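Commentary on secondary and tertiary structure
Take a look at the letters that make up each chain.
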Amino acid sequence: EAQVTQNPRYLITVTGKKLTVTCSQNMNHEYMSWYRQDPGLGLRQIYYSMNVEVTDKGDVPEGYKVSRKEKRNFPLILESPSPNQTSLYFCASILTLGGGNEQFFGPGTRLTVL
Amino acid sequence: GEDVEQSLFLSVREGDSSVINCTYTDSSSTYLYWYKQEPGAGLQLLTYIFSNMDMKQDQRLTVLLNKKDKHLSLRIADTQTGDSAIYFCAEIPNTGFQKLVFGTGTRLLVSP
């Protein structure tokens, strides 16, 4: 079954304590992306990756890092989380279609930073 | 610029039609999408329309695209309580096809 998995699904942490949210896809897609969802703002792209070792900033990259050492995995790293990073995070694996794309989303990770 | 707008809330009765509207600003968008998010779940792609189309129908769903007005709508016929969810429209901006620009989402509430 084609899927995108994220872990953990829920996380409560404290300011400054480094954390990593994992994302894995089994569709052999080259492109992957991270979004955050906040009330009234929809989803905003944090970072994306075009292939192994190729990543770039999205619209709201401040306070986040990513890595892409393997095609299937695209972890999101918060080196020093702050309360304004409390949000719902989605990883997406992207199938490119001539001029467009279809994005497959993970189930989401709800993060609370106290 | 990249901006996608939706109304925040829509309430309908079961069996009625629902129409969710969206306006976007990027006239060079090639694909426009509708996603559904059920409570506690991720986003599920409902349908998409290519920019050279005016209409696309898929079972109970009808998508209308007015490129001149940059207006996209999703019509759900015979709305069911299971259709209650948040619906997002999204576009691919001219800055890159690797991302989607999402609207704020419309919460659809279907009452029996």
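Just above sits the structure.
Note that the structure is predicted; figures quoted are calculated from it, not measured.

**A look at the overall build of chain B**
In terms of regular secondary structure, chain B is built from zero helices and eleven strands. Going from the N terminus to the C terminus, chain B shows its helices and strands as β-β-β-β-β-β-β-β-β-β-β. A compact globule built from 112 residues would reach a C-alpha radius of gyration of about 13 Å, and chain B, at 13 Å, matches this within 12%. Burial statistics for chain B: of 112 residues in total, 46% are counted as buried. For chain B, the share of sequence-separated contacts (at least 6 apart) that also reach a separation of at least 24 residues comes to 55%. Total accessible area computed for chain B in this model is approximately 5300 Å², and 49% of it derives from carbon and sulfur atoms. Separation between the mean location of the 10 positive side-chain charges and that of the 13 negative ones in chain B comes to 1 Å.

**A short note on the pairing of strand 7 (residues 61-66) of chain B**
Residues and elements named next belong to chain B. Relative to strand 7, strand 6 (residues 55-58) is paired through four bridges, and the arrangement is antiparallel. Note that in strand 7 the partner of Asp-58 across the bridge is Leu-61. Once strand 6 ends, the chain turns through two residues before running back antiparallel as strand 7, passing Gln-59 with a positive phi of about 55°. Looking at chain direction, strand 7 and strand 8 (residues 71-76) are connected through six bridges and run antiparallel.

**Observations concerning the packing of aromatic side chains**
Applying the stated criterion across every chain, the model contains 13 aromatic pairs over all chains. Considering the side-chain rings of Tyr33(B) and Tyr35(B), the 6.2 Å spacing of their centres and the 35° angle between planes classify their relative orientation as tilted. Since its relative accessible area comes to 0%, Tyr35(B) is described here as buried. One aromatic cluster in this structure is built from Tyr35(A), Phe90(A), Phe105(A), Tyr31(B), Tyr33(B), Tyr35(B), Tyr48(B), Phe50(B), Phe88(B) and Phe102(B).

**Some points on the sheet that holds strand 7 of chain B**
Residue and element names in this part refer to chain B. Taken in spatial order, the five strands make up an open sheet running 1-3-8-7-6, and their pairing is antiparallel. If you trace the sheet from one side to the other, it starts and ends with strand 1 (4-6) and strand 6, each paired once. Taking the axes of each pair of neighbouring strands and ignoring which way they run, one obtains an average angle of 15° across the sheet.

**Quick word on the interface of chain B and chain A**
Facing the 21 residues of chain B at the interface are 25 residues of chain A. Of the roughly 1800 Å² buried where chain B meets chain A, counting both sides, 55% is carbon and sulfur surface. Remark: the boundary between chain B and chain A carries zero salt bridges. Taken together, chain B and chain A are joined by four residue pairs in polar contact (both at pLDDT 80 or more). Those elements that place two or more of their residues in the side of chain B that touches chain A are strand 4 (31-37) and strand 5 (43-50) of chain B. Broken down by element, the side of chain B that touches chain A gets its largest block of residues, four residues, from strand 4 of chain B. A class-by-class count of the residues in the side of chain B that touches chain A yields twelve nonpolar, seven polar and two charged.

**A few points about the side chain of Lys36(B)**
Residues and elements named next belong to chain B. Looking at where Lys-36 falls in the secondary structure, it is placed in strand 4. We classify Lys-36 as buried; its relative accessible area is 9%. Only 3.2 Å separates the side chain of Lys-36 from the backbone oxygen of Gly-82, close enough to count as a polar contact. In this structure, Lys-36 is in contact with Gly-42, Leu-43, Gln-44, Leu-46, Gly-82, Asp-83, Ala-85, Ile-86 and Tyr-87, ignoring residues within four places of it in sequence.

Quick notes on the rules
- Residues numbered from 1 in each chain as written.
- Chains lettered and ligands numbered in written order.
- Predicted model: local features only at pLDDT ≥ 70, side-chain atom pairs only at ≥ 80, totals over all residues.
- Heavy atoms only, no water.
- Helix = DSSP H or I, 4+ residues; strand = E, 2+ residues; numbered from the N terminus.
- Rg over C-alpha atoms; globule rule 2.2 N^0.38 Å.
- Buried < 20%, exposed > 50% of the residue type's maximum accessible area, 1.4 Å probe, protein only.
- Contact = heavy atoms within 4.5 Å.
- Areas by Shrake-Rupley, 256 points an atom, 1.4 Å probe, with all protein chains shown as cover.
- Lys, Arg positive; Asp, Glu negative; His and termini not counted.
- Charge placed at Lys NZ, Arg CZ, Asp CG, Glu CD.
- Pairing = 2+ DSSP bridges.
- Phe/Tyr/Trp six-rings, centres within 6.5 Å; stacked < 30°, edge-to-face > 60°.
- Axes fitted to C-alpha atoms, helices over the stretch in contact; angles between N-to-C directions.
- Buried area = accessible area lost by both parts, 1.4 Å probe.
- Salt bridge = Lys/Arg side-chain N within 4 Å of Asp/Glu carboxyl O.
- Polar contact = N/O pair within 3.5 Å; in protein donor to acceptor, adjacent residues only side chain to side chain.
- Nonpolar A, V, L, I, M, F, W, Y, C, P; charged D, E, K, R; others polar.

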